[in-house]
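Residue strings, one per chain:
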Amino acid sequence: MALPDISETLSALDAKLSSIEAVANLDAKRAEIADLGEQVAAPDLWDDTENAQRVTSRLSSLQNEVERIEGLRSRLDDVELMLEMAAEEDDADAAAEAGREVTSLGKEIEALEIRTLLSGDYDEREAMITIRAEAGGVDASDFAQMLLRMYTRWAERHGYKFQLYDVSYAEEAGIKSATFQVNAPFAFGTLSVEAGTHRLVRISPFDNQGRRQTSFAGVEVLPVTEETDHIDIPESDIRVDVFRSSGPGGQSVNTTDSAVRLTHLPTGVVVSCQNEKSQLQNKVAAMKVLQSRLLERARQEKEAEMKELKGDGGNSWGSQMRSYVLHPYQMVKDLRTNHEVGNTDGVFDGDIDGFIDAGIRWRRSSAEES
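This is a predicted model, so every value here is computed, not measured.

What should I look at first to understand the sheet that holds strand β2 (residues 161-169) in this one?
Either a parallel or an antiparallel arrangement is found when strands of a sheet pair, and the pairing is made through backbone hydrogen bonds. Strand order in the open sheet made by the eight strands is β2-β3-β1-β5-β4-β9-β10-β11, with mixed pairing throughout. In this open sheet, the two strands that pair with only one neighbour each are β2 and β11 (340-341). Here seven bridges tie strand β1 (residues 127-133) to strand β5 (residues 212-223), and the two strands are oriented antiparallel to one another. Within β5, the residue paired with threonine 130 across the bridge is glutamate 220.

As structure tokens, then:
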């Protein structure tokens, strides 16, 4: 990249970061950090555990956000000086180094810009994800397992931890369903655009006549509950069933009936967990999933009320949202944003950031238009 091109790119990044700084309102965040710092220093902070958790969590989140933006601003200033020195001394090596730094900054500022679009009530939360095989028989079960691998590989690529709570294996191949949690800041806001029905078109490996098969799998993304959510679930509202955990092909995983299924009687919501070692651990994990489902149910009801008040008929962006075609050509296309790629292997190996970023931008523009 020539010096004039680097300089032009740097100017564009400077303008983009300035816009992010304005939206982030760093002065207000610094003032809030100072106030929260005083609260954290108070000797009686942990007398109220709920409030203490809220205060410390908010303080950490704000500090990380401000430090990230300030760090990018400092690096932009440094690379600007580097460019000036490279131009004055006609130093090709310094110019090349500046070009590499500008490219790196471009990716990080782009990611930060996406993050500023996540401003929903629960966007900062970790995410609880459930994948279910839908229409398509054994191909749908296989597809559901492909999606499970896709999302866990995505998490691994970013260094995010995830915890698998429940997997229900299909008889011939694949899975009927799986529930797992992604432990990362803004995981819910980021992955919520993945919710909906995913469609796979391919030559079925399970069809001895080699026919093309279309199958479907559903993805549900929920915010993980926190101590401050007050999701009270009376014991009388829950039916608890225990059963034996099973693995692929119906093989027994545990020798005791340690898997737990919870049914929330007032709503009919059913969750299960079988991946922990004991019945008690499975019940605790299942309760966490149930709380997330009820929290999301409350959020959707509130959102529906607001749409009704605004007279919004509701342009649902759920249902069928992405198509994965492996035959007669190879392409993955988002049906909402029209973002598409031809590297299907890369997508199934977790390279889905382009789809996620496009989905977040699309959701924001749709919200502004409505």
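So, next bit.
Hey, could you run me through helix α1 (residues 3-24) in this one?
Along an α-helix, a turn takes 3.6 residues, which lines up residues three or four apart on a common side. Look at α1: 31 Å from first C-alpha to last across 22 residues, which is about the 32 Å you get at 1.5 Å a residue. Listed in full, the buried residues belonging to α1 are Ile6, Leu10, Leu13, Leu17, Ile20, Glu21 and Ala24. Seen end-on, α1 carries its buried residues on one side only, within an arc spanning 95°. Facing away from the buried surface of α1 by more than 90 degrees, the exposed residues are Pro4, Glu8, Ala22 and Val23. Where α1 is buried, its residues touch α2 (26-41), α3 (49-89) and α4 (92-116). With its phi angle positive at about 55°, asparagine 25 sits one or two positions after the end of α1.

Is there a simple way to explain the pattern of salt bridges in this structure?
Side chains bearing opposite charge may pair, as long as their charged atoms lie close to each other. Taken as a whole and judged by the stated rule, the model has 29 salt bridges. Between arginine 75 and glutamate 108 there is a salt bridge whose closest N-O contact spans 2.9 Å. Taken together, the residues arginine 75 in helix α3 and glutamate 108 in helix α4 connect sequence positions 33 residues apart. Ionic contacts of the salt-bridge type, sharing partners, join the residues Arg149, Arg153, Glu156, Arg157 and Asp349 into one network.

It is not clear to me how helix α5 (residues 137-157) should be interpreted in this structure. Could you clarify?
With 21 residues, α5 extends 31 Å from end C-alpha to end C-alpha; this agrees with the ideal 30 Å at 1.5 Å per step. Glycine 159, located one to two residues past α5, shows a positive phi value of around 75°.

I tried to follow the confidence of the model for the protein on my own but got confused; where do I start?
Predicted coordinates in regions of low pLDDT should not be interpreted in detail. Confidence along the protein averages 88 in pLDDT terms, with 92% of residues attaining 70 or more. Per-residue pLDDT stays below 50 along residues 310-318; that stretch engages in 11 contacts with residues further than four places along the chain or on separate chains.

So what exactly am I meant to see when it comes to the layout of surface pockets here?
Empty space left among the atoms is revealed by rolling a probe the size of a water molecule over them. Taken as a whole, the second largest pocket holds about 1100 Å³ of empty space. Mapped by element, the contributors of at least two residues to the lining of the second largest pocket are α1, α3 and α4. For the lining of the second largest pocket, the element with the highest residue contribution is α3, accounting for 10 residues.

Help me understand the packing of aromatic side chains in this model?
Aromatic ring pairs: the centre-centre distance and the angle between the two ring planes describe each pair. Counted according to the given criterion, the structure contains three aromatic pairs. Geometrically, the ring pair formed by phenylalanine 143 and tyrosine 324 is edge-to-face, given 5.5 Å between the ring centres and 70° between the ring planes. You can see phenylalanine 143 sitting in helix α5 and its partner tyrosine 324 sitting in strand β9 (residues 320-325), a full 181 residues away along the chain. Residue tyrosine 324 is classed as buried on the basis of its relative accessible area, which comes to 0%. With a centroid separation of 5.5 Å and an interplanar angle of 65°, the aromatic rings of tryptophan 154 and tyrosine 160 are classed as edge-to-face. Residue classification places tyrosine 160 among the partly exposed positions, given a relative accessible area of 26%. Pairwise contacts between aromatic rings join Phe143, Tyr324 and Phe348 into one cluster. It is arginine 261 that lies over the ring of phenylalanine 243; its NZ or CZ is 4.4 Å from the centre. If you follow arginine 336 out to its NZ or CZ, it ends over the ring of tryptophan 362, 5.7 Å from the centre.

Looking at this structure, I do not really get the environment of leucine 26. What am I missing?
Within the secondary structure, leucine 26 sits in helix α2. Leucine 26 sits in the buried class, given a relative accessible area of 10%. C-alpha of leucine 26 to C-alpha of leucine 62: the two residues are 36 residues apart in sequence and 9.6 Å apart in space. Apart from residues no more than four positions distant in its own chain, leucine 26 is found in contact with Glu21, Val66 and Ile69.

Sorry, what's going on with the nonpolar core here?
The nonpolar side chains of soluble globular proteins are, as a tendency, buried together. Counting 41 residues, the largest nonpolar core has Ile129, Ile131, Leu147 and Tyr324 as the members making the most contacts within it. For this core, the elements supplying multiple residues, two or more each, are β1, α5, β3 (175-183), α6 (187-191), β5, α8 (344-348) and α9 (353-369). Setting aside anything within four residues of it in sequence, one finds tyrosine 324 in contact with Phe143, Leu147, Met150, His198, Arg199, Leu200, Val201, Met331, Val332, Val347 and Phe348. Grouped together as the second largest cluster of nonpolar side chains are 23 residues, Leu26, Ile33, Val79 and Leu105 included.

Looking at this structure, how should I read the packing of α1 against α3?
Orientation of α1 relative to α3, taken along the N-to-C sense of each, is 160°, at an axis distance of 11 Å. Classified by the angle their axes make, α1 and α3 are roughly antiparallel. As α1 runs across α3, the sense of the crossing is left-handed. Where α1 approaches α3, its residues Leu3, Ile6, Ser7, Leu10, Leu13, Asp14, Leu17, Ser18, Ile20, Glu21 and Ala24 are matched on the opposing element by Glu65, Ile69, Leu72, Arg73, Leu76, Val79, Glu80, Leu83, Ala86 and Ala87. Of the residues that constitute the contact of α1 with α3, the class distribution is 14 nonpolar, two polar and five charged.

Sorry, what's going on with the pairing of β3 here?
Looking along a regular strand, one sees the side chains alternate between the two faces of the sheet. For β3, the tally of buried residues reaches seven of nine residues, placing the bulk of the element in the interior. Across six bridges, β1 lies against β3 in antiparallel orientation. By the bridge assignment for β3, threonine 130 is matched with threonine 179. Of the pairings in the sheet, the one linking β2 to β3 comprises eight bridges and is antiparallel in character. Bridge pairing in β3 places tyrosine 169 opposite isoleucine 175. Where β2 folds back onto β3 in an antiparallel hairpin, the turn is made up of five residues, including glycine 174, whose phi is positive at roughly 75°.

Conventions and cut-offs
- Residues numbered from 1 in each chain as written.
- Predicted model: local features only at pLDDT ≥ 70, side-chain atom pairs only at ≥ 80, totals over all residues.
- Heavy atoms only, no water.
- Pairing = 2+ DSSP bridges.
- Helix = DSSP H or I, 4+ residues; strand = E, 2+ residues; numbered from the N terminus.
- Expected span 1.5 Å × (residues − 1).
- Buried < 20%, exposed > 50% of the residue type's maximum accessible area, 1.4 Å probe, protein only.
- Arc of directions from axis to C-beta.
- Contact = heavy atoms within 4.5 Å.
- Salt bridge = Lys/Arg side-chain N within 4 Å of Asp/Glu carboxyl O.
- pLDDT = per-residue confidence, 0-100.
- 1 Å grid on protein atoms, 1.4 Å probe; cavity = no way out; pocket = protein on both sides within 12 Å on 5 of 7 lines; lining within 4 Å.
- Points joined across faces, edges and corners; volume = space filled by probe spheres on them.
- Phe/Tyr/Trp six-rings, centres within 6.5 Å; stacked < 30°, edge-to-face > 60°.
- Lys NZ or Arg CZ within 6 Å of the ring centre and 35° of its normal.
- Core = buried A, V, L, I, M, F, W, Y, C linked by side-chain atoms within 4.5 Å.
- Axes fitted to C-alpha atoms, helices over the stretch in contact; angles between N-to-C directions.
- Parallel < 35°, antiparallel > 145°, perpendicular 65-115°, else oblique.
- Left-handed = near helix turned anticlockwise from the far one by under 90°.
- Nonpolar A, V, L, I, M, F, W, Y, C, P; charged D, E, K, R; others polar.

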